[in-house]
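Here is what each chain is made of, one letter per residue.
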Amino acid sequence: MDAKTLHAALRKLQEPKGYYFNNDLDGMTMPLLESLLVNKERYGHMACPCRLASGDFEQDRDIVCPCTYREADVAEYGACFCGLYVSREWNEGSVPRPTVPERRPPEKVMAALLGG
């Protein structure tokens with residue numbers, strides 16, 4: 001599978017739920033999708049490329065794309081942490097675009113750093 005195929009497949013699934021891909025396809029969306037595919041090859045699951053994954057699916061479950069934090073991030077900030085998924089309003093530029101803070105608990109980040 002390549003990033004374009006992944007984009008088409010996920011778009012069909014996510015847009016009806018109100019989650020849109022960032023409209024910066026070349027600068028943001030396609031590179032992130034390519035990185036998800038790299039992580040799938042590396043770890044066996046599509047861990048968020050903007051976070052440190054451990055490689056253990058159970059430990060990484062919260063950051064397998066779409067991550068556990070996406071819904072709250074998009075609801076509050078208009079975009080997820082990495083900026084792959086956004087609201088329609090975010091893409092239209094009709095809402096502010098603040099930096100989305102990390103919601104992943106520090107102990108999960110530390111566990112990934114320590115390798116398990």
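From a predicted model like this one, the values you see are computed outputs, not experimental measurements.

Brief notes about the overall build of the protein
At step 1: Of regular secondary structure, the protein possesses six helices and two strands.
At step 2: When the helices and strands of the protein are listed from N to C terminus, the series reads α-β-α-α-α-β-α-α.
At step 3: In summary, the protein has a C-alpha radius of gyration of 14 Å against a globular reference of 13 Å for 116 residues, a match within 12%.
At step 4: Along the first, second and third principal axes, the C-alpha atoms of the protein reach 40 × 30 × 25 Å.
At step 5: Buried positions account for 42% of the 116 residues belonging to the protein.
At step 6: Sequence-distant contacts in the protein: of pairs separated by 6 or more residues, those separated by 24 or more amount to 48%.
At step 7: When the accessible surface of the protein is summed, it comes to about 6,600 Å², and 54% of that surface belongs to carbon and sulfur atoms.
At step 8: Side chains of the protein carry 14 positive and 17 negative charges; the gap between the two charge centres is 4 Å.

Comments concerning helix 4 (residues 70-77)
At step 1: Among the residues of helix 4, those classed as buried are Arg70, Asp73, Val74 and Tyr77. Projected down its long axis, helix 4 shows its buried positions confined to an angular sector of 100 degrees, all on one face. For helix 4, the exposed residues lying more than 90 degrees away from the buried face are Glu71, Ala75 and Glu76.
At step 2: Looking at the buried positions of helix 4, the neighbouring elements they touch are helix 1 (3-14), strand 2 (85-86) and helix 5 (88-92).

Describing the pattern of salt bridges
At step 1: The tally for this structure, following the rule as stated, stands at seven salt bridges.
At step 2: Note that Arg11 and Glu15 form a salt bridge whose closest N and O atoms lie 2.9 Å from each other.
At step 3: In this structure, a network of salt bridges that share partners links the residues Asp62, Arg104 and Lys108.

Describing the nonpolar core
At step 1: Of all hydrophobic cores here, the largest spans 23 residues; its most connected members are Leu33, Leu84 and Tyr85.
At step 2: Broken down by element, the residue count for this core peaks at five residues, all from helix 2 (residues 25-43).
At step 3: Not counting residues up to four positions away in its chain, the partners in contact with Tyr85 are Leu10, Gln14, Tyr19, Tyr20, Phe21, Cys65, Pro66, Arg70, Val74, Ala79 and Cys80.
At step 4: Of all hydrophobic cores here, the second largest spans six residues; its members include Tyr77, Ala79, Val86 and Trp90.

Brief notes about unusual backbone geometry
At step 1: The linkage connecting Cys65 with the following residue, Pro66, adopts the cis geometry, with an omega of -5 degrees.
At step 2: Topologically, Pro66 is positioned in the loop between helix 3 (57-60) and helix 4.

Description of the packing of aromatic side chains
At step 1: In this structure the tally under the stated criterion is one aromatic pair.
At step 2: Measuring from centroid to centroid gives 5.1 Å for Phe21 and Tyr85, while their planes differ by 25 degrees, and the two rings are stacked. With Phe21 in strand 1 (residues 20-21) and Tyr85 in strand 2, the pair connects residues that are 64 residues apart, well separated along the chain. For the pair Phe21 and Tyr85, a shared accessibility class is recorded, and that class is buried.
At step 3: The cationic tip of Arg70 hangs over the ring face of Tyr85; the distance from NZ or CZ to the ring centre is 4.7 Å.
At step 4: Sitting over the ring of Trp90, Arg97 keeps its end group 3.7 Å from the ring centre.

Cut-off values and rules
- Residues numbered from 1 in each chain as written.
- Predicted model: local features only at pLDDT ≥ 70, side-chain atom pairs only at ≥ 80, totals over all residues.
- Heavy atoms only, no water.
- Helix = DSSP H or I, 4+ residues; strand = E, 2+ residues; numbered from the N terminus.
- Rg over C-alpha atoms; globule rule 2.2 N^0.38 Å.
- Buried < 20%, exposed > 50% of the residue type's maximum accessible area, 1.4 Å probe, protein only.
- Contact = heavy atoms within 4.5 Å.
- Areas by Shrake-Rupley, 256 points an atom, 1.4 Å probe, with all protein chains shown as cover.
- Lys, Arg positive; Asp, Glu negative; His and termini not counted.
- Charge placed at Lys NZ, Arg CZ, Asp CG, Glu CD.
- Arc of directions from axis to C-beta.
- Salt bridge = Lys/Arg side-chain N within 4 Å of Asp/Glu carboxyl O.
- Core = buried A, V, L, I, M, F, W, Y, C linked by side-chain atoms within 4.5 Å.
- Phe/Tyr/Trp six-rings, centres within 6.5 Å; stacked < 30°, edge-to-face > 60°.
- Lys NZ or Arg CZ within 6 Å of the ring centre and 35° of its normal.

Scope: geometric values only; no functional claims are made or implied.
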